[in-house]
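Here are the chains, one letter per residue:
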Amino acid sequence: MTPSPLPAALILAGSRPGAPDPVAAAEGLSHKALVELEGRPMLAHVVQALRDAGIARLAVVANDPAVIALAELLGCETIPAAAGPSASVAAGFARLGAPMLVTTSDHALLRGEWVRDFLLDTPEEADVSVLLARRQAIEAAMPGSRRTYLRFADGHWSGCNLFLLKTARAEAAIETWKLVEADRKRPWRIAARLGLGMLASYVLGRLTLAAALARLGTRIGLKARLVAARDGLAAVDVDKPSDLLDARAILAQRREAAAGS
């Protein structure tokens with residue numbers, strides 16, 4: 001079997017309009033991508049993880065001048081942020097094409113091996129794949145972590161901010177992404193969009209997330225697949241100051257473990 005080509009990678013680092021980001025505000029910075037962990041900005045950790053995975057072409061979506069300057073310093077292309085993540089992904093896809101991996105600048109714990117595993121575990125037939133972690137895996141990796149979970153028959157899942165737009169057909173998924181964004185904390189709304197049968201299955205506790213994702217893909221003419229994260233820490237990003245404390249502690253532990261090995 002011919003190995004699939006490595007994708008380009010798009011890192012979302014736009015600023016949401018309205019209230020300032022709590023992590024950036026707590027650190028006195030204009031954007032949380034600039035917050036330092038282990039002596040390097042958060043964005044640099046994400047870029048390094050993607051490069052460790054073997055990905056050569058990286059682009060950063062940003063509108064903060066300091067983030068744009070940092071991205072260029074790190075050897076990344078830059079793309080102006082659009083009105084929302086899905087619109088920014090569309091702009092990135094127009095520039096980079098398929099296959100394209102999508103992640104976020106606050107994925108401070110990202111590791112190259114997680115990216116490689118995600119690409120390896122994505123089924124060959126998939127047009128789109130999404131990495132999610134089971135609750136058990138997250139709690140085993142980080143006891144006491146409080147996350148938002150999607151509750152389905154095949155378990156409680158949390159997103160890992162890693163998406164693969166594997167083929168040109170994946171462009172159709174970007175518009176649907178907007179709807180999923182709006183309903184990401186209300187899975188019954190996602191099930192309702194798939195028809196009454198799917199909604200009934202969800203209400204009765206019979207609908208699996210894998211089936212829901214596959215059905216959503218079928219409705220827009222592509223094959224969408226769920227990939228389960230091997231490491232629960234893949235679901236831990238930096239949304240609030242307490243997450244930053246956790247990320248700094250975990251990265252310090254990694255450094256100490258590497259020094260001792």
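Attention shifts here to the overall build of the protein chain. Each helix and strand counted, the protein chain has eleven helices and ten strands in total. Considering only residue pairs separated by 6 or more positions, the protein chain has 73% of its internal contacts joining residues 24 or more positions apart.

Burial analysis of strand S1 (residues 8–13) places six of its six residues in the buried class, the great majority of the element. Side chains Ala8, Leu10 and Leu12 project from S1 onto one buried face, and the interleaved Ala9, Ile11 and Ala13 project onto a second face that is buried too. By the bridge criterion, five bridges tie S1 to strand S4 (residues 58–62) in an arrangement that is parallel. Paired with Ala13 across the strands is Ala62, a residue of S4.

Here the focus is the nonpolar core. Core analysis: the largest hydrophobic core is formed by 49 residues, its most contacted members being Leu43 and Leu50. Sorting the residues of this core by element identifies S1, helix H2 (42–52), S4, helix H3 (65–73), helix H5 (112–121), strand S7 (128–134), strand S9 (155–165) and helix H11 (241–260) as the ones contributing at least two each. Each residue touching Leu50, except ones within four places of it in the same chain, is listed here: Ala9, Ile11, Ile55, Leu58, Leu101, Thr103, Leu110 and Val115. One finds Ala59, Phe93, Leu132 and Ala212 within the second-largest nonpolar core, a separate group that totals 27 residues.

Calculation rules
Residues numbered from 1 in each chain as written. Predicted model: local features only at pLDDT ≥ 70, side-chain atom pairs only at ≥ 80, totals over all residues. Heavy atoms only, no water. Helix = DSSP H or I, 4+ residues; strand = E, 2+ residues; numbered from the N terminus. Contact = heavy atoms within 4.5 Å. Buried < 20%, exposed > 50% of the residue type's maximum accessible area, 1.4 Å probe, protein only. Pairing = 2+ DSSP bridges. Core = buried A, V, L, I, M, F, W, Y, C linked by side-chain atoms within 4.5 Å.

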